[in-house]
Amino acid sequence: MTSPIAPTAPAAQAEPVLDLRAIPPYQRHQLIFASVQDLTPGDGFSLVNDHDPRPLHHQLLSLFGASFSWEYLQQGPEVWQVRIARPEGAAAASLRVSIDRNGDVTVAVGDAKLGPDGSGASVCEVTDIPPGTLEGDVLALLQGVIPPAGVVSIAYERLLARRNGSCCGGMCG
């Protein structure tokens, strides 16, 4: 399967262009979310659409926090183009948490040993947290999560999947 992201025509521009006009609507958001997630600090791409993607901007903010930038390059009336990028220095973070057997979550001491802590709680690491995400937001996403035995690392993306209705609480592959 070929990727719909292709280099732009002018050799001076190295960033890819994601032209949504040729992609079925039901495939667009999944592709955009994956494209934003795959950005490394300093990288970006241009998104081209046949309507104003403003609602998408709000969705990206809820998923990625302040870890990306959004800049309109063209605003209609027939074509909208937006540059989406991950700013330099926008590296993902992690947070060590303690989850008790009732699913209540607190921030663990940074050097707490991962796994069961002897009190019935388990210490886990939430990984790949987008820069700018508040600690309280991570804890809120974790409330009620009881990781399967042996799980000591939970990707932030899985917590979002759980919030968005994943069948297994974001713990499946």
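Source: prediction; values computed, not measured. (Residues numbered from 1 in each chain as written. Predicted model: local features only at pLDDT ≥ 70, side-chain atom pairs only at ≥ 80, totals over all residues. Heavy atoms only, no water.)

1. Notes on the overall build of the chain
Thought 1: Helix and strand counts for the chain stand at four helices and ten strands.
Thought 2: The buried share among the 173 residues of the chain stands at 36%.
Thought 3: Expressed as a percentage of contacts within the chain between residues at least 6 apart in sequence, the contacts between residues at least 24 apart total 56%.
Thought 4: Working note: accessible area of the chain is about 9,800 Å², and carbon and sulfur atoms make up 55% of it. (Helix = DSSP H or I, 4+ residues; strand = E, 2+ residues; numbered from the N terminus. Buried < 20%, exposed > 50% of the residue type's maximum accessible area, 1.4 Å probe, protein only. Contact = heavy atoms within 4.5 Å. Areas by Shrake-Rupley, 256 points an atom, 1.4 Å probe, with all protein chains shown as cover.)

2. Examining the packing of helix 3 (residues 135-142) against helix 4 (residues 156-163)
Thought 1: Relative to each other, helix 3 and helix 4 sit at 55°, their axes nearing to 9 Å. Of the possible angle classes, the one that applies to helix 3 and helix 4 is oblique. Considering how the two elements wind past one another, helix 3 and helix 4 form a crossing that is left-handed. Touching Val-138, Leu-141 and Leu-142 of helix 3 are Tyr-156, Leu-159, Leu-160, Arg-162 and Arg-163, all from helix 4. (Axes fitted to C-alpha atoms, helices over the stretch in contact; angles between N-to-C directions. Parallel < 35°, antiparallel > 145°, perpendicular 65-115°, else oblique. Left-handed = near helix turned anticlockwise from the far one by under 90°.)

3. Brief notes about the packing of aromatic side chains
Thought 1: In total, this model carries one aromatic pair according to the counting rule given.
Thought 2: Arranged with centres 6.0 Å apart and planes meeting at 85°, the rings of Trp-70 and Tyr-72 form a pair that is edge-to-face.
Thought 3: By relative accessible area, which is 16% here, Trp-70 ends up buried.
Thought 4: Its relative accessible area of 24% is what places Tyr-72 among the partly exposed residues. (Phe/Tyr/Trp six-rings, centres within 6.5 Å; stacked < 30°, edge-to-face > 60°.)

4. What to know about the pattern of salt bridges
Thought 1: Per the stated rule, a full pass over the model turns up four salt bridges.
Thought 2: For Glu-125, the salt bridge identified is with Arg-96, shortest N-O distance 2.6 Å. Of this pair, Glu-125 sits in strand 9 (residues 122-129) while Arg-96 sits in strand 6 (residues 93-99), and the two are 29 residues apart along the sequence. (Salt bridge = Lys/Arg side-chain N within 4 Å of Asp/Glu carboxyl O.)

5. Examining the packing of helix 1 (residues 25-37) against helix 2 (residues 54-64)
Thought 1: The geometry of helix 1 relative to helix 2 is characterised by a closest axis approach of 11 Å and an angle of 50° between their N-to-C directions. Judged by the inter-axis angle, helix 1 sits oblique to helix 2. Relative to helix 2, helix 1 is oriented so that their crossing is right-handed. Residues His-29, Ile-32, Phe-33, Val-36 and Gln-37 of helix 1 pack against Leu-56, Gln-59, Leu-60, Leu-63 and Phe-64 of helix 2.

6. Quick look at the pairing of strand 3 (residues 44-49)
Within a regular beta strand, the side chains point alternately toward one face of the sheet and then the other, so they alternate between its two faces.
Thought 1: Counting buried positions over the six residues of strand 3 gives six, a clear majority of the element.
Thought 2: A two-sided burial pattern is seen for strand 3, the buried positions comprising Gly-44, Ser-46 and Val-48 on one face and Phe-45, Leu-47 and Asn-49 on the other.
Thought 3: Note that the unit made of strand 2 (residues 16-19), helix 1 and strand 3 has a crossover that is right-handed.
Thought 4: Pairing of strand 3 with strand 5 (residues 80-85) involves six bridges; the strand directions are antiparallel. Residue pairing in the sheet places Leu-47 in a bridge with Val-82 of strand 5. (Right-handed = clockwise from strand over helix to strand, strands pointing away. Pairing = 2+ DSSP bridges.)

7. Observations concerning helix 4
Thought 1: For helix 4, the set of buried residues is Tyr-156, Leu-159 and Leu-160. Across the axial projection of helix 4, the buried residues extend over an arc of 100°, all falling on one side.
Thought 2: For helix 4, the elements touching its buried residues are helix 2, strand 9, helix 3 and strand 10 (153-155). (Arc of directions from axis to C-beta.)

8. Structural notes on helix 2
Thought 1: Every buried residue of helix 2 is listed here: Leu-56, Leu-60, Leu-63 and Phe-64. Projected down its long axis, helix 2 shows its buried positions confined to an angular sector of 70°, all on one face.
Thought 2: Those residues of helix 2 that are buried are in contact with helix 1, strand 3, strand 4 (69-75), strand 5 and helix 4.

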